[in-house]
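The residues making up each chain are set out below.
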Amino acid sequence: MRVGVLALQGDFREHLSALNSLPGVVAVPVKRSEEIDQIDALVLPGGESTTIAKLARIFDVFETIKKRIKSGLPVYGSCAGLILLSNQILDGAEGQETFGGLDITSRRNAFGRQVDSFECQIDFNGIGKINGVFIRAPWVEEVGPSVEVLASAHGHPVAVRQGNLLATSFHPELTADLAVHRYFVENICKVAKR
Ligand code: GLN
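Below is a summary of the structure that appears in this document.

Criteria and thresholds
One numbering rule holds for all chains: residues counted from 1, following each sequence as written. Totals for whole chains, interfaces and linings use every residue, but because this is a predicted model, local features are given only for residues with pLDDT of at least 70 and side-chain atom pairs only at 80 or more, for both listing and counting. Computation of side-chain values covers all heavy atoms of the structure but excludes hydrogens and water. Here, the term disulfide refers to a pair of cysteine sulfur atoms separated by no more than 2.5 Å. When accessible area is computed with a 1.4 Å probe and restricted to protein chains, residues below 20% of their type maximum are described as buried, those above 50% as exposed, and intermediate ones as partly exposed. Near, as used in this document, describes a residue that has one of its heavy atoms within 4 Å of the molecule or strand being considered. Counting of polar contacts relies on pairs of N or O atoms within 3.5 Å, with two restrictions inside protein: one atom must be capable of donating a hydrogen and the other of accepting it, and residues adjacent in sequence are counted only when both atoms are side-chain atoms. Per-residue and other accessible areas follow the Shrake-Rupley method at a 1.4 Å probe size, with only the shown protein chains counted as cover for residues. Cavity and pocket criteria rest on a 1 Å grid covering protein atoms alone: a 1.4 Å probe that fits but cannot get out defines a cavity, protein on both sides within 12 Å along at least 5 of 7 lines defines an open pocket, and an atom within 4 Å of a point defines a lining residue. For this analysis, a molecule is said to be in a pocket or cavity if more than half of its atoms are within 2 Å of the grid points defining it. In this count, Pro and Cys sit with the nonpolar residues alongside Ala, Val, Leu, Ile, Met, Phe, Trp and Tyr, while Asp, Glu, Lys and Arg are called charged and the others, Gly among them, polar. The helix and strand labels rest on DSSP assignments: H or I over at least four residues marks a helix, E over at least two residues marks a strand, and numbering proceeds from the N terminus. When DSSP finds two or more bridges between two strands, those strands count as paired. Interaxial angles span 0 to 180 degrees and are taken between N-to-C directions of axes, which are lines fitted to C-alpha atoms, for helices over the stretch in contact.

### Topic: the state of the cysteines
Here's step 1: The full count for this structure, using the stated rule, is 0 disulfides.
Here's step 2: The closest cysteine sulfur to the non-disulfide-bonded C120 is located on C79, 13 Å from its own sulfur.
Here's step 3: With relative accessibility at 17%, the residue C120 sits in the buried group.

Given below as structure tokens:
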């Protein structure tokens, strides 16, 4: 299975190395439409959602990604990636765009500023207890009826799933634990409708 990691900005290298540790996965950096057309799944990394969205316009991949999300491509977004998958955002920058697809409203920088970054143990439905690394993280403020909340922290959803889409406020790619990436590959990519 060929999994693309959007490599415009952010911690895409960490996602690539986590994914490439999983059997049967070939993870490749992608930033052109032709590359995005050739993948079976996509990961949107952590970083800065405003910058990633702007670069996606500059590299002319914004509409390609949006279209592939709509047509059922399995996509996992961590942190900035969660924001980019949100249908609505709060506290976004003026005119900030998202690819959308997930019927959620997320709040940017909801847990505070860079200095308020933290780690905590979270209970992830389908995985169990894992360590969550939160860096200027968003939380999920509202979820639509077809969204499943997989984990919460400090009383707010921080991991959600809707069909082929998975998003977490935290960064499993910054830990040695491959559980969330494995969950994405096994429970979403391998069962996705083509
Ligand atoms: N605060 C960042 C944003 O709005 C997300 C931070 C992150 O990905 N660690 O995009």
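Back to the write-up after that little detour.
### Details of the site of the ligand
Here's step 1: Neighbouring residues of the ligand: G46, G47, E48, S49, C79, A80, I83, R108, N109, I135, R136 and H171.
Here's step 2: In this structure, a nitrogen atom belonging to the ligand sits 3.0 Å away from a main-chain N or O atom of R136.
Here's step 3: Within the side chain of H171, one N or O atom sits 2.9 Å away from a nitrogen atom of the ligand.
Here's step 4: Calculation on the ligand without its partners gives an accessible area of 290 Å², and the protein chains cover 96% of this total.
Here's step 5: Taken atom by atom, the bulk of the ligand overlaps the largest pocket.
Here's step 6: Here the shell around the ligand is composed, by residue class, of 4 nonpolar, 5 polar and 3 charged.

### Some words on the environment of S71
Here's step 1: Its location among the elements puts S71 in the loop between α4 (62-70) and β4 (75-78).
Here's step 2: A relative accessible area of 60% places S71 in the exposed class.
Here's step 3: Taking the C-alpha atoms as reference points, S71 and G101, 30 residues apart in sequence, are found 9.9 Å from one another.
Here's step 4: At 3.2 Å, the side chain of S71 and the backbone oxygen of R68 are in polar contact.

### Describing the sheet that holds strand β6 (residues 102-107)
Here's step 1: Read across the sheet, 3 strands follow the order β5-β6-β9 without closing on themselves; strand pairing throughout is mixed. In this open sheet, the two strands that pair with only one neighbour each are β5 (86-90) and β9 (139-143). Mean inter-strand twist for the sheet, computed between neighbouring axes without regard to direction, equals 30°.
Here's step 2: Both β6 and β9 contribute to a ladder of 4 bridges, which runs antiparallel.

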